[in-house]
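The chain contents come next:
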Amino acid sequence: MKSAQWAMSAYNAITPSVLLTVLPFGFLFYSSGSLTASAFVTVIILSLGLLEPLIAAMNYTDNIARVGTVMGQINEVLASSEINRTNKKTDINGNSIEFRNVTFSYDNEKEALKNISLTIPEGKVTALVGHSGSGKSTVAKLIAGFWDVTDGELLIGSSNVRDIPLEVQAERIAYVEQNNFLFDETVMENIRKGRSGATDEEVTAAAKAAGCDEFIRGLDKGYQTVVGSAGGHLSGGERQRIAIARAMLKDAPIVILDEATAYIDPENEAVIQNAIAKLVQGKTVIVIAHRLSTITDADNIIVMNDGTVAAHGTHKKLLDSSQLYRSMWQAHTGTKGGAVS
Ligand code: ADP
């Protein structure tokens, strides 16, 4: 846009003033006898008639540039390699998770995870902490099956995920991200994505449990309000609560929670914490924690550092044994509720 702005401005300013040149030059040629009166009139009409299509054609250059960008993005998706999984109907026994010497890199460049081994026990709350870029989300995304590990083994229950069909894995896991994607459909349908086939009553029950029934009923058309492209008509906190309702409806035994802080305002926070407490009851929970004060009660805290596991244990144990955790905790308490990453 920037590189074209001068040319476009000049073009848009000069083209409509075509008569400024056609009239004096035409008159000059007419007076000297090289242009007849009828040809002069024709030239005037033609020059005006040409304007509009020319301007319309120029406007397409903008659209063509946009199409180019979108095509680039689509091609990127199409060109990425598919996840190879078995189609054999296999079930998962158990909801514990284990990483055995897992290495993972996006695009074969830098290793995002370097030979990590960790265990996430069934029915417990495990928190992942670490500075930004340390690999927390990558661990969560591998568990959710967004990618396959590059090296090593990832087990859910006692099965290697490579032997589990992707749908079976997806059914087991509810993933509440920071940027939850909502489809350009009604609120009702967006929550129902958690479990297709759920009745309207089940959807509203999940919304009530997630603390979003009230604000949904306050929307223009209640549950039938269309949320706009990527949920654009709702605030970040509202999208977050709808995502929690969706996860509640799904009622999966493994819950991954990217503890969003970005959108939460104080009013929303209590509601969301409440909803999350209900969502995770009795589940295997993996929390990506940005504020350490929210996970001091976690059964196990895994401290990530530059793609490796630096330490793990309870809050108390880590304060004693991990220099990195201690410094993060001090930074956190020092900034009175500020985010660590
Ligand atoms: P955290 O969640 O701790 O902030 P991430 O797991 O997001 O860290 O990132 C770990 C590393 O992987 C970082 O170096 C990051 O730049 C890289 N990374 C994350 N997502 C992608 C991606 N989609 N493509 C390429 N590199 C990525």
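Everything in this summary refers to the structure shown in the same document. Keep in mind that this is a model prediction, so the values were computed, not measured.

1. Focus: the layout of surface pockets
- In this structure, the largest pocket spans a volume of roughly 560 Å³.
- Here the lining of the largest pocket gets three residues from one element, more than from any other, and that element is helix α3 (residues 37–79).
- Among the residues making up the lining of the largest pocket, the classes are represented as seven nonpolar, seven polar and five charged.
- Residue assignment places the lining of the largest pocket across two domains, with domain 1 (2–79) and domain 2 (97–333) each supplying three or more.

2. With respect to the side chain of Arg-172
- Along the polypeptide, Arg-172 turns up in helix α5 (residues 166–172).
- Residue Arg-172 is classed as buried on the basis of its relative accessible area, which comes to 16%.
- Within the local environment of Arg-172, its side chain forms a polar contact with the backbone oxygen of Gly-94, the two atoms lying 3.5 Å apart.
- The contact partners of Arg-172, leaving out residues within four places of it in the chain, are Asp-91, Ile-92, Gly-94, Asn-95, Ala-252, Pro-253 and Ile-254.

3. Remarks on the nonpolar core
- By size, the foremost hydrophobic cluster in this structure holds 48 residues, and its most contacted members are Val-129, Ile-191, Ile-244, Leu-279 and Ile-295.
- In terms of residues, this core owes the most to one element, helix α9 (residues 236–250), which gives seven residues.
- Apart from the residues lying within four places of it in its own chain, the contact partners of Leu-279 are Val-176, Ile-244, Ala-247, Met-248, Val-255 and Leu-257.
- Ranked by size, the runner-up nonpolar core spans 30 residues in total, among them Leu-118, Val-139, Leu-142 and Ile-164.

4. Structural notes on the pattern of salt bridges
- Enumeration over the complete set of coordinates arrives at eleven salt bridges.
- For the salt bridge of Lys-193 with Glu-185, the shortest nitrogen-to-oxygen distance reads 3.2 Å.
- A relative accessible area of 29% means that Glu-185 is categorised as partly exposed.
- Across the pair Asp-251 and Lys-283 runs a salt bridge, and its minimum N-O distance is 3.0 Å. Taken as a pair, Asp-251 in the loop between α9 and β7 (254–258) and Lys-283 in the loop between α10 (266–280) and β8 (284–288) lie far apart in primary sequence, 32 residues in all.
- Assessed through its relative accessible area of 13%, Lys-283 is described here as buried.
- Salt bridges sharing common partners tie together Arg-85, Asp-148 and Arg-162.

5. Considering the site of the ligand
- Inspection of the region around the ligand gives Tyr-106, Lys-110, Ala-112, His-131, Ser-132, Gly-133, Ser-134, Gly-135, Lys-136, Ser-137 and Thr-138 as its neighbouring residues.
- Between the ligand and Ser-134 there is a distance of 3.1 Å, counted from an oxygen atom to a backbone nitrogen or oxygen.
- Here the ligand, which alone exposes 560 Å², has 63% of that area covered by the protein.
- For the shell around the ligand, the leading source of residues is helix α4 (residues 136–144), giving three residues.
- Its residues assigned to classes, the shell around the ligand shows two nonpolar, seven polar and two charged.

6. Describing unusual backbone geometry
- Its identity is not glycine, yet Asn-101 carries a phi of approximately 45°, on the positive side.
- Looking at where Asn-101 falls in the secondary structure, it is placed in strand β1 (residues 97–105).
- Even without being glycine, Asp-306 reaches a positive phi, approximately 50°.
- Tracing the backbone shows Asp-306 in the loop between β9 (300–305) and β10 (308–313).
- By relative accessible area, Asp-306 is classed as partly exposed at 43%.

7. Structural notes on the sheet that holds strand β4 (residues 151–156)
- In spatial order, the strands read β2-β1-β4-β5; together these four strands make up an open sheet with antiparallel pairing. Of all the strands in the sheet, the pair left with one neighbour each is β2 (111–120) and β5 (159–160).
- Sheet topology places β1 next to β2; six bridges connect them, and they run antiparallel. Pairing of Phe-99 across the sheet is with Leu-118, part of β2.
- In this fold α4 packs onto β1, β2 and β4, with an angle of close to 115° to the strand it touches most, β1.

Reading guide: rules and limits
The residue count restarts for each chain, going from 1 along the sequence in the order it is written. Where totals are concerned, whole chains, interfaces and linings use all residues; where local detail is concerned, this predicted model gives features only for residues with pLDDT of at least 70, and gives and counts side-chain atom pairs only at 80 or more. Only heavy atoms go into the side-chain values, all of them from the structure, while hydrogens and water stay out. Of the two site types, the cavity is a set of points on a 1 Å grid over the protein atoms alone where a 1.4 Å probe fits but cannot get out, and the pocket is an open set with protein on both sides within 12 Å along at least five of seven lines, each lined by residues with an atom within 4 Å of a point. Grid points are joined across faces, edges and corners, and a volume is the space filled by probe spheres set on the points. Numbering goes from the N terminus for both helices and strands, where a helix is a DSSP run of H or I of at least four residues and a strand is a run of E of at least two. Each residue is assigned to one of three groups, with Ala, Val, Leu, Ile, Met, Phe, Trp, Tyr, Cys and Pro labelled nonpolar, Asp, Glu, Lys and Arg labelled charged, and all others, Gly among them, labelled polar. A domain assignment, automatic or from a database, supplies the domain bounds used here. Only protein chains enter the calculation, and the probe is 1.4 Å; a residue is then buried if its accessible area is under 20% of its type maximum, exposed if over 50%, and partly exposed in between. Under the rule applied, a polar contact is a pair of N or O atoms within 3.5 Å (in protein, one hydrogen donor and one hydrogen acceptor; residues adjacent in sequence only if both atoms are side-chain atoms). Here, residues are in contact when the closest pair of their heavy atoms is within 4.5 Å. Put simply, buried Ala, Val, Leu, Ile, Met, Phe, Trp, Tyr and Cys residues joined by side-chain atoms within 4.5 Å make one nonpolar core. Each salt bridge in this description consists of a side-chain nitrogen of Lys or Arg and a carboxyl oxygen of Asp or Glu lying within 4 Å of one another. Near, as used in this document, describes a residue that has one of its heavy atoms within 4 Å of the molecule or strand being considered. Residue burial considers only the protein chains on display, and all accessible areas are found by Shrake-Rupley using a 1.4 Å probe. Two strands pair if DSSP finds at least two bridges between them. Note on geometry: axes are C-alpha line fits, over the in-contact stretch for helices, and angles between N-to-C directions span 0 to 180 degrees.

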